[in-house]
Amino acid sequence: MNMIEMIAKKRDGLALSGEEIRFFIEGYTDGKIPDYQAAALLMAIYLRGLTEEEIFLLTKSMMLSGDVIDLSQIRGIKVDKHSTGGVGDKTTLIIAPIAAACGIPIAKMSGRGLGFTGGTVDKMESVPGMQTSLSAEQFVKQVNEIGLSVIGQTAHVAPADKKLYALRDVTATVGNLGLITSSIMSKKLASGSDAILLDVKCGSGAFMETEAEAADLGEMMVKIGRKAGKKMVAVISDMNQPLGRMVGNSLEIQEAIETLKGNGPEDLTELSMILAGIMIYLGEKAESPEDGRRMAELAIKDGGALIKFGEFIAAQGGNAEVIKDFRIFPKAKHCIEIVCRKNGYITALYAQKIGLASQCAGAGRLTKEDTIDLTAGIELLKKRGDFVQKGETVAVIYGNNRKKLEEAAAIAEKAYTVSRQKTEEIPIVRKMIGL
Ligand code: URA
């Protein structure tokens, strides 16, 4: 087998065999295939596409390039959840304790933030003392003891994806359905759960701008997961504006806690209840997603989900008192208010711009090596549909570096569009696939 023939085959629009795909993934992961040939093949794939069978084979080869986590020592149906990424998306930290409180074992691996989207692991680390790196034995033990653990994804899970993603990032080959599907699903399949709920975001702050593109991605991921023997559901949700009112690591943890107390913002609460309901249904503790939702609502009302969140923090070395006392979180030294320049309705609040502003304030990384300011972020006092008056504060930017905050404020200001006419409301969940 040789790479030149494979590149030519894909360039001419032909399908690659399982053996060829395996040869490419193994050779590239081992460093035997050079970047220039891998890049040429990626571009041929980007332009010609992959069949469903090729996507499945690519996903499987990438999954097998590293560790496949064995969760068989954990009792019950393990349910995982994955979001394709967005701004202000702290749902994992809300629905994982809810589902665990309802008897679903959650053994989850999450990522760090890169670019303008945040990551669950960074958010968790804003709780003083909280560890996000556990051994496989500790991870399994904790799930058997308290029903919930979330840790950072190790470098040994789908290393082929790590290498390929870095190459795609610098060769303009990220935005391809087959490549995105195999990238996400190889990591999810390697993570070992029995059922996977996907939250595919669409809108200005998401990978997929349109609902149709997001639905195509959701459908393909559901098909590939099912072919691999997993229970799969995908939800297409809105990411035109940030989710909730807080963006930034420590701020988002505080909002997750408020939501677990029943005081969360409407959009975040609604999405969390829908997702938690589906997880409880996939884990076979409810007859239907609606039944699951009722159980999720009860876990908020009776305090069970909040108690579970406290147990989770304590089990991973964090100070669980944060649940009662937000003063324990480190505080930002500076803040800047964004003031509205005219009267009217907010008709758009671009998620991407808020994400970039939050990153600029110090909440995100420009490179993987950057350290982040856990206190940095944005509080959105006004969102789409709200009426605002000239001179009113619409958002507050927090962080420890005043100069960065000034740059962030200039970006955040441009995120708001104010008009005389109110626009129609956009539902938070646009579509469900696989139910
Ligand atoms: N997220 C991933 O993990 N991979 C992609 O290709 C796109 C988004």
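Everything below is about the structure shown above.
Residues numbered from 1 in each chain as written. Predicted model: local features only at pLDDT ≥ 70, side-chain atom pairs only at ≥ 80, totals over all residues. Heavy atoms only, no water.

**A closer look at empty space enclosed by the protein**
A water-sized probe rolled over the atoms picks out the places where empty space is left.
1) Next: According to the stated counting rule, one finds three cavities of 30 Å³ or more in the structure shown.
2) Next: Considered as a void within the structure, the largest cavity measures approximately 140 Å³ in volume.
3) Next: Secondary-structure elements contributing two or more residues to the lining of the largest cavity are helix 6 (120-124), helix 11 (249-260) and helix 15 (351-363).
4) Next: With four residues, helix 15 is the single largest residue contributor to the lining of the largest cavity.
5) Next: Among the residues making up the lining of the largest cavity, the classes are represented as five nonpolar, 12 polar and four charged.
6) Next: Counting the residues that make up the lining of the largest cavity, at least three belong to each of domain 2 (79-154 + 179-325) and domain 3 (331-419).
7) Next: Taken together, L16, I21, F24, L41, I45, L50, E54 and L58 make up the lining of the second largest cavity.
8) Next: Where the lining of the second largest cavity is concerned, the elements lending two or more residues are helix 2 (18-29), helix 3 (35-48) and helix 4 (52-63).
9) Next: Residue composition of the lining of the second largest cavity, grouped by class: seven nonpolar, no polar and one charged. (1 Å grid on protein atoms, 1.4 Å probe; cavity = no way out; pocket = protein on both sides within 12 Å on 5 of 7 lines; lining within 4 Å. Points joined across faces, edges and corners; volume = space filled by probe spheres on them. Helix = DSSP H or I, 4+ residues; strand = E, 2+ residues; numbered from the N terminus. Nonpolar A, V, L, I, M, F, W, Y, C, P; charged D, E, K, R; others polar. Domains from an automatic or database assignment.)

**Observations regarding the sheet that holds strand 12 (residues 416-419)**
1) Next: Spatially, 10-8-12 is the arrangement adopted by the three strands of the open sheet, whose pairing is antiparallel. The sheet is open, and its two edges are formed by strand 10 (387-388) and strand 12, each paired on a single side.
2) Next: Across two bridges, strand 8 (residues 344-349) lies against strand 10 in antiparallel orientation. Bridge pairing in strand 10 places Y345 opposite F387. (Pairing = 2+ DSSP bridges.)

**Considerations on the site of the ligand**
1) Next: Lining the immediate environment of the ligand, one finds Y165, R168, I180, S183, I184, K187 and F207.
2) Next: At a separation of 2.9 Å, an oxygen atom of the ligand approaches a polar side-chain atom of R168.
3) Next: A distance of 2.6 Å separates a nitrogen atom of the ligand from a polar atom in the side chain of S183.
4) Next: Here the ligand, which alone exposes 240 Å², has 89% of that area covered by the protein.
5) Next: Those elements that place two or more of their residues in the shell around the ligand are helix 8 (159-169) and helix 9 (177-190).
6) Next: Among the elements that line the shell around the ligand, the one with the most residues is helix 9, at four residues. (Near = heavy atom within 4 Å. Polar contact = N/O pair within 3.5 Å; in protein donor to acceptor, adjacent residues only side chain to side chain. Areas by Shrake-Rupley, 256 points an atom, 1.4 Å probe, with all protein chains shown as cover.)

**Some points on the nonpolar core**
1) Next: Judged by nonpolar contacts, the single largest core of 79 residues is most densely connected at I98, F312, I354 and I397.
2) Next: In terms of residues, this core owes the most to one element, helix 12 (residues 266-282), which gives 10 residues.
3) Next: When residues are assigned to domains, this core turns out to be shared by domain 2 (79-154 + 179-325) and domain 3 (331-419), each giving three or more.
4) Next: Excluding anything up to four places from it in sequence, I354 contacts V87, P242, V247, L349, I378, L380, A412 and A415. (Core = buried A, V, L, I, M, F, W, Y, C linked by side-chain atoms within 4.5 Å. Buried < 20%, exposed > 50% of the residue type's maximum accessible area, 1.4 Å probe, protein only. Contact = heavy atoms within 4.5 Å.)

**As for the pattern of salt bridges**
1) Next: Applying the stated criterion to the full structure yields 34 salt bridges.
2) Next: As a salt-bridge pair, D161 and K187 come within 3.0 Å of each other at their nearest N and O atoms. Of this pair, D161 sits in helix 8 while K187 sits in helix 9, and the two are 26 residues apart along the sequence.
3) Next: Within this structure, R112, D122, E125 and R365 form a network of salt bridges that share partners. (Salt bridge = Lys/Arg side-chain N within 4 Å of Asp/Glu carboxyl O.)

**Quick word on the side chain of N249**
1) Next: By the secondary structure assignment, N249 is in helix 11.
2) Next: Here A363 takes part through its backbone oxygen, which lies 3.2 Å from a polar atom of the side chain of N249.
3) Next: In this structure, N249 is in contact with G119, D122, K123, S126, A363, I372, L374 and A376, ignoring residues within four places of it in sequence.

**Notes on a negative patch on the surface**
1) Next: Negative charge collects at one region of the surface, where E209, E213, D216 and E219 lie side by side.
2) Next: Within the fold, E213 resides in helix 10 (residues 211-227).
3) Next: The class for E213 is partly exposed, based on a relative accessible area of 37%. (Patch = residues over 30% accessible without salt bridge, like charges linked within 9 Å, V, L, I, M, F, W, Y side chains within 5 Å. Lys, Arg positive; Asp, Glu negative; His and termini not counted. Charge placed at Lys NZ, Arg CZ, Asp CG, Glu CD.)

**Comments concerning the sheet that holds strand 9 (residues 377-380)**
1) Next: Strand order across the open sheet formed by four strands is 6-9-11-7, with antiparallel pairing between neighbours. The sheet is open, and its two borders are formed by strand 6 (246-247) and strand 7 (334-339), each paired with just one other strand.
2) Next: Bridging between strand 7 and strand 11 (residues 393-399) involves six bridges; their strand directions are antiparallel. Each residue of the ladder has a partner; that of I338, found in strand 11, is A395.
3) Next: On top of the sheet, helix 15 reaches strand 6, strand 9 and strand 11; it is set at about 135 degrees to strand 9, its chief contact.
4) Next: Relative to the sheet, helix 16 (residues 402-413) contacts strand 7, strand 9 and strand 11, its axis offset from that of strand 7 by approximately 20 degrees. (Axes fitted to C-alpha atoms, helices over the stretch in contact; angles between N-to-C directions.)

**So, the packing of aromatic side chains**
1) Next: In this structure the tally under the stated criterion is four aromatic pairs.
2) Next: Between F326 and F329 the ring centres are 5.9 Å apart and the planes differ by 65 degrees, which places this aromatic pair in the edge-to-face class.
3) Next: Overall, the relative accessible area of 21% leaves F326 in the partly exposed class.
4) Next: In this structure F329 comes out as buried when scored by relative accessible area, which is 1%.
5) Next: Between Y345 and F387 the ring centres are 5.2 Å apart and the planes differ by 70 degrees, which places this aromatic pair in the edge-to-face class. (Phe/Tyr/Trp six-rings, centres within 6.5 Å; stacked < 30°, edge-to-face > 60°.)

**As for the pairing of strand 11**
1) Next: The element strand 11 is largely enclosed, with a buried count of six among its seven residues.
2) Next: Of the pairings in the sheet, the one linking strand 9 to strand 11 comprises four bridges and is antiparallel in character. Following the sheet pairing, E379 is matched in strand 11 by V396.

**Things to note about the state of the cysteines**
1) Next: One pass over the full model with this rule turns up zero disulfides.
2) Next: Residue C360 stays outside any disulfide, its sulfur separated by 16 Å from that of C335, the closest cysteine.
3) Next: For C360, a relative accessible area of 16% corresponds to the buried category. (Disulfide = S-S within 2.5 Å.)

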